[in-house]
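Okay, here's what each chain looks like letter by letter:
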Amino acid sequence: MGCDRNCGLIAGAVIGALMAVFGGILMPVGDMLIEKTVKKEAVLEEGTIAFKSWVKTGHRSLQTGWIFDVQDPEEVAVNSSKIKVKQRGPYTYRVRYLAKENITQDSETHTVSFLQPNGAIFEPSLSVGTENDTFTVLNLAVAAVPHLYPSAFVQIIVNIFIKKSNSSMFQKRTLKELLWGYKDPFLSLIPYPVPTTVGVFYPYHNTADGVYKVFNGKDDIISRQSVYIFLGHIFHLIPSSFPPFIEKTRVLQFFSSDICRSFYAVFGAEINLKGIPVYRFILPSLAFASPLQNPDNHCFCTEKIISKTCTLYGVLDIGKCKGGKPVYISLPHFLHASPEIAEPVEGLSPNEEEHSTYLDVEPITGFTLQFAKRLQINILVKPGKSIGALKGLKQNYMVPVLWLNETGTIGDEKAEMFRNQVTGKIELLGLVEMILISVGAVMFTAFMISYCACRLKSVK
C-alpha cells in the first residue's frame, strides 16, 4: 500500500513538473507563432490584414480647425500695435476617407508605391457655424510681397496694383475661401501670368498627396512603411502603421507632407484604447527647438535677423517648400515657442493637453489605432516701406492664421475585429501558458510535500 501510494505521489509530481515544463516550453513556442503570424499579416501585400487596413483606413479621421479672427486690423496696420486675435471654431471636416490609388508592387526592391487622393467633407454637426462664416484675417497675397519681391523697385510697381484693388494688410474672407481658395483682387490685376487663386490649402480637392514609395516588409518586416521616395506637395501624413514589435525605447519616424519634413515621436505612456493596450508616442518639444538645441533643425533656419541668429525656437520656416512664401509652422498657440515670437500677439493660451501631438500605437503589430496631429499655420509679415498696406509697420509679426487638429480613432467594429484576431488570441495563449505553469508548479509542490510526509511516516 505504502509503495503504491508513494508511486502515485511521485507520478503526480512528475505530471505537475511536466505541465510546468510544457507551459515553459509553450511560452517561447507561442511567442514564435505570434511573431510568425504578425510578420505574415503585417506585410503590405494583397490578402494580409495590414494591406486591407492600409489601402483604406478604418479610422474616422476628422480635421478640425480654429481661425484666429483679428479684432484690431486698423490699429495694427496704422500704428503697428499688438495683434488682438480671437479664436473661433471648431470647424470640422472629414478627411482620409478615400482609398489609396495606383498601388504598384515592386518585387525587386520590396517596395510599394501609391497615390493618396485628397478630399474634405464639411461636417456641420461638429462645427460652430457654416463654411460661409466670415473672418478678419491676414491678406495672404499682400503679406507675401516683401518676401517674393525684395527689390524696392519691383515693390513700387506691385504696390500700384495693391492700391488699385483697394487691398490692405487684412481682409474679410469666408471659411471656405480662406481654406480652399479665392481669386485675389490685386493678383488678378497684374498684367503678366501669375497664379491668382490664393488659399491656405489651395490646391487640395481632386489632388493627390504626391507619389509615395514605401518598403512593404516582404523581405524585412522591420523596414515596413519606411518612406523610400516622396514627391508630394500638399497635406497630411500620419502613418497607418509602423514596423511591428514596437519597444518603448524606439523613436518613431514619420514624414509629414504638409511641412515637407520628417518628424519623430518618443514614448509617453501606456494606455488602454477600447480594450486594446497601446503605447502613446508624443511629439517632443525638441522637434521645434532652435538649431542650437537641436542641430537637426538647422536647415529650417534660413535667415539670421528675424530668428536672432537662429536662437529663437518654437516655429519652423517651411517657405522653401511653399514656393518662397513666408509660411511658418508651430504648435497651436505657439506652445513651446520663444516668448518673443508670441509677444506681439494677444489672445493666445497655449495648453499642453489641448495642443500637443500624439500617436497611439499597438506595439505587437505596429498599427496606429489613434492619433491627434496639431499644428498651427503662421505667416511672417515684414514692414514694407514701398508697399502702402505695410508701410505703417514698425516690427515683424509672426501672424497666426489658424490651427488644426487632425484626429483619427479606430472604429468600434474594427476594434472588436482587432481584439478577436490579435489581442484576444495573444491574451488567450498567455493565459494558457500561465495556467499550465501555475497548475504544474502547484501539483509538483503538493505531491512532493505529500511524498515527503509519507516517507517520514514510513521511517517512523
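Refer to the preceding data block for the structure.
If you're wondering where the values come from, they're calculated on a predicted model, not measured in any experiment. (Residues numbered from 1 in each chain as written. Predicted model: local features only at pLDDT ≥ 70, side-chain atom pairs only at ≥ 80, totals over all residues. Heavy atoms only, no water.)

1. A closer look at the overall build of the protein
For clarity, the cut-off: By definition, any uninterrupted DSSP run of H or I lasting at least four residues is a helix, any uninterrupted run of E lasting at least two residues is a strand, and each is numbered from the N terminus. Only protein chains enter the accessibility calculation, which uses a 1.4 Å probe; a residue whose area is less than 20% of its type maximum is buried, one above 50% is exposed, and one in between is partly exposed. Residue contacts are counted whenever heavy atoms from the two residues lie within 4.5 Å of one another. Only the protein chains shown count as cover for residues, and all accessible areas are computed by the Shrake-Rupley method using a 1.4 Å probe.
When helices and strands are counted, the protein shows 9 helices and 20 strands. A burial count over the protein gives 48% of its 460 residues as buried. In the protein, once contacts between residues fewer than 6 apart in sequence are set aside, the share between residues at least 24 apart is 65%. Accessible surface, the protein as shown: approximately 22,400 Å² in total, 60% of it carbon and sulfur.

2. Regarding the pattern of salt bridges
Basically, it comes down to this: When a carboxyl oxygen of Asp or Glu is within 4 Å of a side-chain nitrogen of Lys or Arg, the pair counts as a salt bridge.
All chains considered together, the criterion is met by 9 salt bridges. One salt bridge connects E270 with K248, and the closest N-O pair in it is separated by 2.4 Å. Separated by 22 residues along the polypeptide, E270 in strand β13 (residues 261-273) and K248 in the loop between β11 (227-230) and β12 (252-256) bring together distant segments of the chain. K274 is the salt-bridge partner of D412, the closest N and O atoms lying 2.9 Å from each other. With a gap of 138 residues between them, D412 in helix α9 (residues 412-459) and K274 in the loop between β13 and β14 (276-282) connect regions that are remote in the sequence. By relative accessible area, which is 56% here, D412 ends up exposed. Relative accessible area serves as the criterion here: at 33%, K274 is assigned to the partly exposed category.

3. Some remarks on helix α5 (residues 152-164)
Quick reminder of the rule: A helix is expected to span 1.5 Å multiplied by its residue count minus one.
Along its 13 residues, α5 runs 19 Å from first to last C-alpha, staying within 8% of the 18 Å computed at 1.5 Å per residue. What α5 keeps buried is the set Q155, V158, N159, F161 and I162. Looking at the buried side of α5, the elements it contacts are α4 (140-148). Just downstream of α5, N166 is the residue with a positive phi angle, here 60°.

4. Looking at the side chain of T92
How we decide: Within 3.5 Å is the distance limit for a polar contact, defined as a pair of N or O atoms, with the added protein rule that one can donate a hydrogen and the other accept it, and that residues adjacent in sequence qualify only through two side-chain atoms.
When you line up the elements, T92 lands in strand β2 (residues 83-95). Residue class for T92 comes out buried when judged on its relative accessible area of 3%. Polar side-chain contacts of T92 include one of 3.3 Å to the side chain of T64. A polar side-chain atom of T92 sits 2.9 Å from the main-chain carbonyl oxygen of L126. With residues up to four places along the chain from it excluded, the contact list for T92 reads L62, Q63, T64, I121, F122, E123, L126 and S127.

5. Examining the pairing of β2
We count it as follows: Here, strands pair whenever DSSP counts at least two bridges between them.
The sheet contact formed by strand β1 (residues 61-70) and β2 spans 9 bridges and is antiparallel. Across the sheet, S61 pairs through a bridge with V95, a residue of β2. Strand direction decides the pairing type here: β2 and strand β17 (residues 345-346), joined by 2 bridges, are parallel. Counted as the bridge partner of K84 is E346 from β17. As judged from the 3 bridges shared by β2 and strand β5 (residues 120-122), these two strands associate in the antiparallel manner. Residue Y93 lies in a different strand from β5, and its bridge partner there is F122.

6. Let's talk about empty space enclosed by the protein
Condition: A cavity here means a set of points on a 1 Å grid, drawn over the protein atoms and nothing else, where a 1.4 Å probe fits but cannot get out; a pocket is an open set with protein on both sides within 12 Å along at least five of seven lines, and a residue lines either one if it has an atom within 4 Å of a point. Grid points are joined across faces, edges and corners, and a volume is the space filled by probe spheres set on the points. Each residue is assigned to one of three groups, with Ala, Val, Leu, Ile, Met, Phe, Trp, Tyr, Cys and Pro labelled nonpolar, Asp, Glu, Lys and Arg labelled charged, and all others, Gly among them, labelled polar.
Tallying each qualifying case throughout the model produces 3 cavities of 30 Å³ or more. For the second largest cavity, the full set of lining residues is Q63, G65, W66, I67, Y91, Y93, L175, L179, F201, L402 and L404. Those elements giving two or more residues to the lining of the second largest cavity turn out to be β1, β2, α6 (175-180) and β20 (397-409). For the lining of the second largest cavity, the element with the most residues is β1, which contributes 4 residues. Class assignment for the residues of the lining of the second largest cavity results in 9 nonpolar, 2 polar and no charged.

7. Thoughts on a nonpolar patch on the surface
Quick note on the threshold: Distance thresholds for patches are 9 Å for like charges and 5 Å for nonpolar side chains (Val, Leu, Ile, Met, Phe, Trp, Tyr), applied to residues having over 30% relative accessible area and no salt bridge.
Judged by side-chain polarity, F153, I157 and I160 come together as a nonpolar surface patch covering roughly 310 Å² of accessible area. Relative to the elements of secondary structure, F153 occurs in helix α5.

8. Regarding the packing of aromatic side chains
Heads up, the rule is: Pairs were defined over the aromatic rings of Phe, Tyr and Trp, the Trp ring being its six-membered one, requiring ring centres within 6.5 Å. Orientation was assigned from the angle between planes: stacked under 30 degrees, edge-to-face over 60, tilted for the rest. We call a charge positioned above a ring when the Lys NZ or Arg CZ atom is no farther than 6 Å from the ring centre and deviates by at most 35 degrees from the ring normal.
All told, the structure shown has 8 aromatic pairs when counted by the stated rule. Taking 5.4 Å as the distance between ring centres and 80° as the angle between the ring planes, the aromatic pair formed by F267 and Y279 counts as edge-to-face. With F267 in strand β13 and Y279 in strand β14, this pair connects stretches of sequence that are 12 residues apart. Each member of the aromatic cluster is reached from another via a ring pair, and the members are Y93, F122, W180 and F201. Over the ring of F114 we find K100, and its NZ or CZ is 5.5 Å from the ring centre. The lysine or arginine in question, R173, covers the ring of Y182, its NZ or CZ lying 3.9 Å from the ring centre.

9. A word on the nonpolar core
In plain terms, the rule: The term nonpolar core refers to a set of buried residues drawn from Ala, Val, Leu, Ile, Met, Phe, Trp, Tyr and Cys, joined through side-chain atoms within 4.5 Å.
Counting 81 residues, the largest nonpolar core has M169, F186, F288 and V381 as the members making the most contacts within it. L44, F114, L273 and V278 belong to the second-largest nonpolar core, a separate cluster that totals 17 residues.

10. Description of the pairing of strand β4 (residues 111-117)
Most of β4 is tucked away: 7 of the 7 residues are buried. Residues of β4 alternate between two faces, with T111, S113, L115 and P117 on one and V112, F114 and Q116 on the opposite face, all of them buried. The sheet contact formed by strand β3 (residues 101-106) and β4 spans 4 bridges and is antiparallel. Each residue of the ladder has a partner; that of E101, found in β4, is L115.

11. What to know about unusual backbone geometry
Residues G89 and P90 are joined by a peptide bond in cis, for which omega reads 10°. For P90, the location among the structural elements is in strand β2. Despite not being glycine, H333 shows a phi value in the positive range, around 60°. Topologically, H333 is positioned in the loop between β16 (327-330) and α7 (339-342).

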